[in-house]
Amino acid sequence: MKSKKECGSTLIVYDLYLDKRSNARIALSPKLLHKEVSKIIAEVNMHRRTGVLDVWESKEAGPATSFHSLEESHNRLSVINFARAETWPKEMHINGEAQLCNYSRDNTRAARLLVRRLIERLDPARANILLIGRGPGPMPRVLKSFSWKRGLPLPL
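**Points about the packing of aromatic side chains**
Two numbers describe a pair of aromatic rings. These are the distance of the centres and the angle of the planes.
Piece 1. As enumerated under the stated definition, the model contains one aromatic pair in all.
Piece 2. With 5.8 Å between their ring centres and 20° between their planes, Phe-67 and Phe-82 make a pair best called stacked. Within this pair, whereas Phe-67 is found in strand E3 (residues 64–71), its partner Phe-82 is found in strand E4 (residues 81–88), the two being separated by 15 residues in sequence.
Piece 3. Take Phe-67: its relative accessible area is 32%, and that puts it in the partly exposed class.
Piece 4. Since its relative accessible area comes to 19%, Phe-82 is described here as buried.
Piece 5. We note Arg-126 situated over the ring of Tyr-17; from NZ or CZ to the ring centre the distance is 3.9 Å.

**Things to note about the environment of Gly-51**
Piece 1. Along the chain, the position of Gly-51 falls in strand E2 (residues 47–55).
Piece 2. The spacing of Gly-51 and Glu-120 is 69 residues in sequence and 22 Å in space, taken between C-alpha atoms.
Piece 3. Ignoring anything within four residues of it in the chain, the contact list for Gly-51 reads His-34, Phe-67 and His-68.

**Things to note about helix H3 (residues 108–122)**
Piece 1. If you check H3, its first and last C-alpha atoms are 21 Å apart, about what 15 residues at 1.5 Å a residue would give, namely 21 Å.
Piece 2. Here H3 has its buried residues at Thr-108, Ala-110, Ala-111, Leu-113, Leu-114, Val-115, Leu-118, Ile-119 and Leu-122.
Piece 3. Immediately downstream of H3, the backbone of Asp-123 shows phi near 50°, a positive value.

**Quick look at the pattern of salt bridges**
Piece 1. Throughout the structure, instances matching the rule amount to 10 salt bridges.
Piece 2. Among the ionic pairs, Glu-43 bridges to Arg-117, the shortest N-O distance being 3.2 Å. Taken together, the residues span a long stretch of sequence, with Glu-43 in helix H2 (residues 30–43) and Arg-117 in helix H3 at a distance of 74 residues.
Piece 3. For Arg-117, a relative accessible area of 23% translates into the label partly exposed.
Piece 4. In this structure, Arg-84 and Glu-86 form a salt bridge, with 3.4 Å as the shortest nitrogen-oxygen distance.
Piece 5. Taking relative accessible area as the criterion, Arg-84 reaches 17% and is therefore assigned buried.
Piece 6. Three or more residues are tied together by salt bridges with common partners; here these are Glu-36, Lys-39, Glu-43, Arg-117 and Arg-121.

Cut-offs used in this document
- Residues numbered from 1 in each chain as written.
- Predicted model: local features only at pLDDT ≥ 70, side-chain atom pairs only at ≥ 80, totals over all residues.
- Heavy atoms only, no water.
- Phe/Tyr/Trp six-rings, centres within 6.5 Å; stacked < 30°, edge-to-face > 60°.
- Helix = DSSP H or I, 4+ residues; strand = E, 2+ residues; numbered from the N terminus.
- Buried < 20%, exposed > 50% of the residue type's maximum accessible area, 1.4 Å probe, protein only.
- Lys NZ or Arg CZ within 6 Å of the ring centre and 35° of its normal.
- Contact = heavy atoms within 4.5 Å.
- Expected span 1.5 Å × (residues − 1).
- Salt bridge = Lys/Arg side-chain N within 4 Å of Asp/Glu carboxyl O.

See below:
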């Protein structure tokens, strides 16, 4: 099968650094964060297939990984899409990724919006973000890399 020109995916990798002003009620509650990511997925017009909340202590507090498998909204055939958030409560840190494939349409905007809305909801003090274009085809390439601080425009 020949590779389509628009094939590949958009991967956004993020590290969020929380402080006292951040929305720790959601950010550091595994159950609430998992629910919030599910809401954001629907808001950006993607479709959640399934999700897994893996907690180390409890669903109310402690380290956790929230993973969501997504369908590409246009044709619902792709299953390589996902959103993941991993919490580090003692370090006031969250890291994760959002990867959306571009098989039937360019989902770069949806990937950016997903991460943007997560940042808006959690209100971290700062963030480090990588926007990566992936294959099949060419080598993965960093399209944009930046550090951001609360109060500045978010270039996503």
